[in-house]
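# Report on the structure
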Amino acid sequence: MAVLVTGGAGYIGTHTCVELLTKGYEIIVIDNFCNSNPEAVKRVSKITGKDFKTYHADLLDKDRVEAIFFENKIDAVIHFAGLKAVGESVAVPLKYYQNNVTGTMNLCEVMKQHGVKNLVFSSSATVYGTPDQVPIDENTKLNALNPYGRTKKIIEEILHDIYRSDQTWNIAILRYFNPIGAHPSGYIGEDPSGIPNNLMPYISQVAVGKREQLTIFGKDYPTMDGTGIRDYIHVMDLATGHLSALEKVQSSGGVEAYNLGTGKGYSVLQMVEAFEEVSEKTIPYKIAERRAGDTAICFANPTKAKNELGWQATRGIHKMCEDTWRWQQKNPNGYTTTEYQNPVHN
Ligand code: NAD
Ligand code: WQD
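As the structure is a computational prediction, the values presented were derived from the model and not from experiment.

### Describing the overall build of the chain
- Along the backbone of the chain there are 11 helices and 14 strands.
- Over its C-alpha atoms the chain spans a radius of gyration of 19 Å, differing by no more than 12% from the 20 Å that the globule rule assigns to 346 residues.
- Each principal axis of the C-alpha atoms in the chain carries an extent, and together these give about 55 × 45 × 40 Å.
- In the chain, buried positions account for 55% of the 346 residues.
- Expressed as a percentage of contacts within the chain between residues at least 6 apart in sequence, the contacts between residues at least 24 apart total 79%.
- Carbon and sulfur atoms form 47% of the exposed surface of the chain, whose accessible area is close to 14900 Å².
- If the 35 positive side-chain charges of the chain are averaged to one point and the 39 negative ones to another, these points end up 0 Å apart.

### Let's talk about the site of ligand 1
- Surveying the vicinity of ligand 1 reveals 26 residues, the closest of which are D31, N35, S36, F80 and Y148.
- I12 places a main-chain nitrogen or oxygen 2.8 Å from an oxygen atom of ligand 1.
- Taking K152, its side chain carries an N or O atom lying 2.8 Å from an oxygen atom of ligand 1.
- Surface burial for ligand 1 is 95%, taken as the share of its 820 Å² of free accessible area covered by protein chains.
- Elements represented by at least two residues in the shell around ligand 1 include exactly α1 (11-22), β5 (118-124) and α6 (147-165).
- Broken down by element, the shell around ligand 1 gets its largest block of residues, 3 residues, from β5.

### Observations concerning the sheet that holds strand β14 (residues 297-298)
- Read across the open sheet, the 3 strands follow the order β12-β9-β14; overall the sheet is mixed. Lying at the two open borders of the sheet, with one neighbouring strand each, are β12 (266-267) and β14.
- Direction of pairing for strand β9 (residues 229-230) relative to β12: antiparallel, over a ladder of 2 bridges. Within β12, the residue paired with R230 across the bridge is Y266.

### Describing the sheet that holds β5
- Strand order across the open sheet formed by 7 strands is β3-β2-β1-β4-β5-β6-β11, with parallel pairing between neighbours. Edge strands, defined here as strands with exactly one partner in the open sheet, are β3 (53-56) and β11 (254-260). The mean inter-strand angle of the sheet, taken between neighbouring strand axes irrespective of direction, is 15°.
- Relative to strand β6 (residues 170-176), β5 is paired through 7 bridges, and the arrangement is parallel.

### Structural notes on the UniProt feature "domain: NAD(P)-binding" (unreviewed entry) in the chain
- Those residues carrying the UniProt feature "domain: NAD(P)-binding" (unreviewed entry) are residues 4-324 in this numbering.
- Helix and strand shares over residues 4-324 are 41% and 18% respectively, and the end C-alpha atoms of the span are 27 Å apart.

### Overview of the pairing of β6
- Counting buried positions along β6 yields 7 of 7 residues, so the element is predominantly enclosed.
- Residues of β6 alternate between two faces, with N170, A172, L174 and Y176 on one and I171, I173 and R175 on the opposite face, all of them buried.
- This β-α-β element, β5 to α6 to β6, shows right-handed connectivity.
- Note: β6 against β11, 7 bridges, orientation parallel. The residue of β11 that forms the bridge with Y176 is L260.

### Here we look at the packing of helix α3 (residues 62-71) against helix α5 (residues 93-113)
- Between α3 and α5, the least distance of the axes is 10 Å, while the angle of their chain directions is 35°. The way α3 lies across α5 gives a crossing that is right-handed. Side by side, α3 and α5 meet where K62, V65, E66 and F69 of the first sit next to N106, L107, E109, V110, M111 and Q113 of the second.
- Residues of the contact of α3 with α5, tallied by class, amount to 5 nonpolar, 2 polar and 3 charged.

Reading guide: rules and limits
- Residues numbered from 1 in each chain as written.
- Chains lettered and ligands numbered in written order.
- Predicted model: local features only at pLDDT ≥ 70, side-chain atom pairs only at ≥ 80, totals over all residues.
- Heavy atoms only, no water.
- Helix = DSSP H or I, 4+ residues; strand = E, 2+ residues; numbered from the N terminus.
- Rg over C-alpha atoms; globule rule 2.2 N^0.38 Å.
- Buried < 20%, exposed > 50% of the residue type's maximum accessible area, 1.4 Å probe, protein only.
- Contact = heavy atoms within 4.5 Å.
- Areas by Shrake-Rupley, 256 points an atom, 1.4 Å probe, with all protein chains shown as cover.
- Lys, Arg positive; Asp, Glu negative; His and termini not counted.
- Charge placed at Lys NZ, Arg CZ, Asp CG, Glu CD.
- Near = heavy atom within 4 Å.
- Polar contact = N/O pair within 3.5 Å; in protein donor to acceptor, adjacent residues only side chain to side chain.
- Pairing = 2+ DSSP bridges.
- Axes fitted to C-alpha atoms, helices over the stretch in contact; angles between N-to-C directions.
- UniProt positions renumbered as here; feature names shortened; annotations may be inferred.
- Right-handed = clockwise from strand over helix to strand, strands pointing away.
- Left-handed = near helix turned anticlockwise from the far one by under 90°.
- Nonpolar A, V, L, I, M, F, W, Y, C, P; charged D, E, K, R; others polar.

This is the structure:
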């Protein structure tokens, strides 16, 4: 069983590749490395002791994608490749529509030509926008509030249209909540370029001494301590969610969306506290204005994934912080760290 993994060099892609290889799948990776480092792919091989083909290719280059399908027998596709920075998507929306929407359309056209119709797609809880109520289930009205979110919503609609036109497609749309954490080996993890946009990479960079202090965006939300609440999910739980979705698309048709979250929400201050406990470091912070576009409380109802995919998240926030911290300490400069510090031998 061979799985094409687009964006397989990225944060969630690498962790899913490890799970796939560990479970005996053959994988083929496509990545243009616009937001990742080839070193990440090497680390996947290091962890698993397995080699696989990696194509330095762009989904916008449809001829190249087609050539890759000619060269390989592909049974299913997990499609991670995409741009994901909310703020950047507001500044350069066309880049986001072009990359995410056109890239997905190219991929789906080539899949169709080659009769490959099993697809797992990375969507995001961002498609819900500001929900009227929590927990959020999959029937909640979609209301993406920024161009990035709208690319995901549009792609979801395209995938529904593809299935309506041809019911031999099998498509799982996975709406991730807030992925954090790293592989327990400390070999792979999240490696944002520049100043991190997201909470956990920021906290861990403060802890390791790369940044002076965390800025907490808003302390006047209607939550227990005034800071925003999110559903943080360990990236290894997300990875196993992809394997469950893959089994589902191989065994039954349809197009279905699933929330991948834990169903529990934690505030910014609770995450800071958990990280401090695990790392035994103090995280200095200052309170600032709310960040534009942020919602107060967002967490999943993950029941559909449990019932239909037989999947549920098992790792708690301390494990998430512990694995993030191991990765950050061993790779203070991410994949550009010259020498991997204190490697774990398998
Ligand atoms: P990432 O940036 O680490 O990984 C995405 C990978 O896709 C990168 O390696 C990048 O180089 C590659 N890529 C981008 N455009 C490409 C193109 N046109 N052709 C080939 N490769 C391309 O991001 P991630 O956090 O691993 O996210 C993976 C997917 O999950 C994305 O689609 C993202 O939108 C979605 N998602 C992420 C989060 C999150 O918080 N990390 C949450 C919800 C959804
Ligand atoms: C979490 C909480 C912030 C940074 C984003 C995307 C979403 C999805 C996941 C891709 C919020 C607060 C953050 C900081 C802070 N990605 N915060 N100081 O905004 O829930 O979701 O990532 O699909 O589309 O929008 O995650 O980690 O940025 O923020 O106080 O420096 O931490 O206000 O309450 P978010 P996040």
